[in-house]
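# Geometric and topological summary
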Amino acid sequence: MKKEKVELKSTYNVPNLERGLSIIELLATQPKGLTLAEIIEKLSIAKSSAFRIVSTLIFKNYLQKNETTKKNNPF
């Protein structure tokens, strides 16, 4: 009897980590960066979640925010 490969995502995924990685991956394709509103629109993430995730990524030095343009860029 063959055992089928089990999909681990359904049991062991971390939704906010997935959203954070999606934000980093999106910003990696945008050389000029994106505002929080643009990130929310492109990824369909709730505003409060997007804000907290982006703020955490900035705090942990995965992103930087241009205070003039309000755009977020990966380091």
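Small disclaimer: the values here were computed from a predicted structure and weren't measured.

Turning to the overall build of the chain, a few remarks are in order. In terms of helices and strands, the chain carries four helices and two strands. Counting from the amino terminus, helix and strand elements in the chain follow one another as α-α-α-α-β-β. When each of the 75 residues of the chain is scored for burial, the buried share is 24%. Long-range pairs, those at least 24 residues apart, make up 46% of the contacts in the chain between residues at least 6 apart in sequence. Carbon and sulfur atoms make up 56% of the accessible area of the chain, which totals about 6,100 Å².

Another point: the environment of K32. Relative to the helices and strands, K32 resides in the loop between α2 (15–28) and α3 (36–43). Put simply, K32 and N73 are 41 residues apart on the chain and 7.3 Å apart in space, counted from C-alpha to C-alpha.

With that settled, the discussion passes to the environment of L34. The residue L34 is located in the loop between α2 and α3 in this model. Residues L34 and N72 lie 38 residues apart in sequence; the distance between their C-alpha atoms is 5.4 Å. When neighbours within four sequence positions are excluded, L34 is seen to be in contact with L26, L27, I39, K42, K70, K71, N72 and N73.

Of note, the phi angle at N61 is positive, near 65°, even though the residue is not glycine. Mapped onto the fold, N61 is located in the loop between α4 (47–59) and β1 (63–65). Owing to a relative accessible area of 54%, N61 belongs among the exposed residues under this scheme. Look at K70: it is not a glycine, yet its phi comes out positive at around 65°. Tracing the sequence through the fold places K70 in the loop between β1 and β2 (72–74). Judged by relative accessible area, which is 42%, K70 ranks as partly exposed.

Below, the discussion takes up a nonpolar patch on the surface. Judged by side-chain polarity, V14, L17 and L21 come together as a nonpolar surface patch covering roughly 260 Å² of accessible area. Checked against the element boundaries, V14 lands in the loop between α1 (9–12) and α2. Look at V14 and you get partly exposed, because its relative accessible area is 46%.

For the pair α3 and α4, the least separation of the axes is 10 Å and the interaxial angle reads 120°. In this view, α3 runs oblique relative to α4, as classed from their interaxial angle. As α3 packs across α4, the resulting crossing turns out to be right-handed. Here L36, I39 and I40 of α3 come into contact with α4, specifically with K47, A50, F51 and V54. Here the contact of α3 with α4 is composed, by residue class, of six nonpolar, no polar and one charged.

Rules used throughout
Residues numbered from 1 in each chain as written. Predicted model: local features only at pLDDT ≥ 70, side-chain atom pairs only at ≥ 80, totals over all residues. Heavy atoms only, no water. Helix = DSSP H or I, 4+ residues; strand = E, 2+ residues; numbered from the N terminus. Buried < 20%, exposed > 50% of the residue type's maximum accessible area, 1.4 Å probe, protein only. Contact = heavy atoms within 4.5 Å. Areas by Shrake-Rupley, 256 points an atom, 1.4 Å probe, with all protein chains shown as cover. Patch = residues over 30% accessible without salt bridge, like charges linked within 9 Å, V, L, I, M, F, W, Y side chains within 5 Å. Salt bridge = Lys/Arg side-chain N within 4 Å of Asp/Glu carboxyl O. Axes fitted to C-alpha atoms, helices over the stretch in contact; angles between N-to-C directions. Parallel < 35°, antiparallel > 145°, perpendicular 65-115°, else oblique. Left-handed = near helix turned anticlockwise from the far one by under 90°. Nonpolar A, V, L, I, M, F, W, Y, C, P; charged D, E, K, R; others polar.

So, to be careful, I would describe these as geometric facts and stop short of saying anything about function.
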